[in-house]
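Chain by chain, the residues run as shown.
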Amino acid sequence: MSSQATPSTAENQPTVTVLDYGSGNVRSAVRALERAGATVKLSAKPEDVLTADGLVVPGVGAFGSVMSELKSVDALRMIGRRVAGGRAVLGICVGMQVLFDAGFEHGVHEEGMGEWPGTVELLPAPVVPHMGWNTVQAAEGSMLFEGVEDERFYFVHSYGVQKWDFEVLQPKMRPPMVTWSEHGAPFIAAIENGPLCATQFHPEKSGDAGARLLRNWVLSLNKAAK
């Protein structure tokens, strides 16, 4: 099957597939993406996952459970194909965490997708989960946070990546843009790495700031298609 992009709609709306693999209530993400200007499908069918202009990978629950559910619909292969082909992917919450090397929850080490170096670990805070609104330190030149660099976003998580050690293998290689937040310790709140982006917070639950961030991402899909 070809993974080439399908044309956008007549209204010039990019197509987005929200990966449907059993991760909680994702209808809010679908509605938020539609409001951001995308034509959205909730699906795990390869033709929908591979051909959409953008793929959103939501995630709620434990790291290991999400990895198992993704494997059950062959999502790891399909996400890998999109990333290798320069096709846009946006991970949200645990959908971001599984893109790292590993997760360590409840004394169990689980292997992740390994797109980025790092281990998801319990936040060293007096109170977890980290639930509610928090600011971020947006990466300089961020596309996602353009216009909302100083806004607050809605987090619900107990685990996060607290260390970042990315090796630039080639002089012309652009390292990922990393946005940080803090709860007990600094942790990665978002990453932008070419076509692969992710947020630890829930943009679909983050009011006007989250809506603007999703709109920024949807607009980038139109630019990538040109």
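### Some points on the environment of Thr135
Looking at where Thr135 falls in the secondary structure, it is placed in strand β8 (residues 130-135). For Thr135 and Tyr154, which are 19 residues apart along the polypeptide, the C-alpha to C-alpha distance reads 9.0 Å. With near-sequence residues (within four places) excluded, Thr135 lies in contact with Glu151, Arg152 and Ser181.

### Here we look at helix α4 (residues 75-84)
Residues Ala75, Met78, Ile79 and Arg82 constitute the buried set of α4. Taken down its axis, α4 places every buried residue within 100 degrees of arc, on the same side. The secondary structure elements touched by the buried residues of α4 are β1 (15-19), α2 (46-51), β3 (54-57), α3 (63-72) and β4 (88-92). Just past α4, the residue Gly86 takes up positive phi, approximately 75 degrees.

### Considering a negative patch on the surface
On the surface, a cluster of negative charge is made up of Glu146, Glu149, Asp150, Glu151 and Asp208. Position of Glu151 relative to the elements: it lies in the loop between β8 and β9 (152-157).

### Here we look at the pairing of strand β2 (residues 39-43)
One face of the sheet, then the other: side chains in a regular strand alternate in exactly this way. Sheet topology note: the β1/β2 ladder contains five bridges and is parallel. Across the sheet, residue Thr17 finds its bridge partner in β2, namely Lys41. Between β1 and its parallel partner β2, the chain crosses via helix α1 (residues 27-35), and the hand of that crossover is right-handed.

### Considering the pattern of salt bridges
A full pass over the atoms with the stated rule returns two salt bridges. Residue Arg77 is joined to Asp74 by a salt bridge in which the shortest nitrogen-to-oxygen separation is 2.6 Å.

### Quick notes on the packing of aromatic side chains
Here the structure, examined in full by the defined rule, presents eight aromatic pairs. With a centroid separation of 5.5 Å and an interplanar angle of 75 degrees, the aromatic rings of Phe155 and Phe201 are classed as edge-to-face. With a gap of 46 residues between them, Phe155 in strand β9 and Phe201 in the loop between β13 (196-199) and α6 (207-225) connect regions that are remote in the sequence. For the residue pair Phe155 and Phe201, the accessibility class agrees, reading buried in each case.

About the thresholds
Throughout this description, residue numbers start from 1 for each chain and increase along the sequence as written. Local features are withheld for residues below a pLDDT of 70 in this predicted model, meaning they are given only at 70 or higher, and side-chain atom pairs are given and counted only at 80 or more; totals for whole chains, interfaces and linings count all residues. The basis for the side-chain values is all heavy atoms of the structure; hydrogens and waters are excluded. What counts as a helix is a DSSP run of H or I of at least four residues, what counts as a strand is a run of E of at least two, and both are numbered from the N terminus. Any two residues having at least one pair of non-hydrogen atoms within 4.5 Å are treated as being in contact. Exposed residues in this analysis have more than 50% of their type's maximum accessible area, buried residues have under 20%, and partly exposed residues fall in between, with area computed by a 1.4 Å probe over protein chains only. Note that the arc is defined by the directions from the helix axis to the C-beta atoms. The patches described consist of residues with a relative accessible area above 30% and no salt bridge, like charges being joined within 9 Å and nonpolar side chains (Val, Leu, Ile, Met, Phe, Trp, Tyr) within 5 Å. Per-residue accessibility takes into account occlusion by the displayed protein chains alone, with areas from the Shrake-Rupley method and a 1.4 Å probe. Any Lys or Arg side-chain nitrogen located within 4 Å of an Asp or Glu carboxyl oxygen qualifies as a salt bridge. Working convention for charge: Lys and Arg count positive, Asp and Glu count negative, and His plus the chain ends are omitted. To locate a charge, the coordinates of NZ of Lys, CZ of Arg, CG of Asp or CD of Glu are taken. By this definition, two strands are paired if DSSP reports at least two bridges between them. Orient the strands so they point away from the viewer; a crossover is then right-handed if the path from the first strand over the helix to the second runs clockwise. We call Phe, Tyr and Trp rings a pair once their centres come within 6.5 Å, taking the six-membered ring for Trp, and we label the pair stacked below 30 degrees between planes, edge-to-face above 60, and tilted otherwise.

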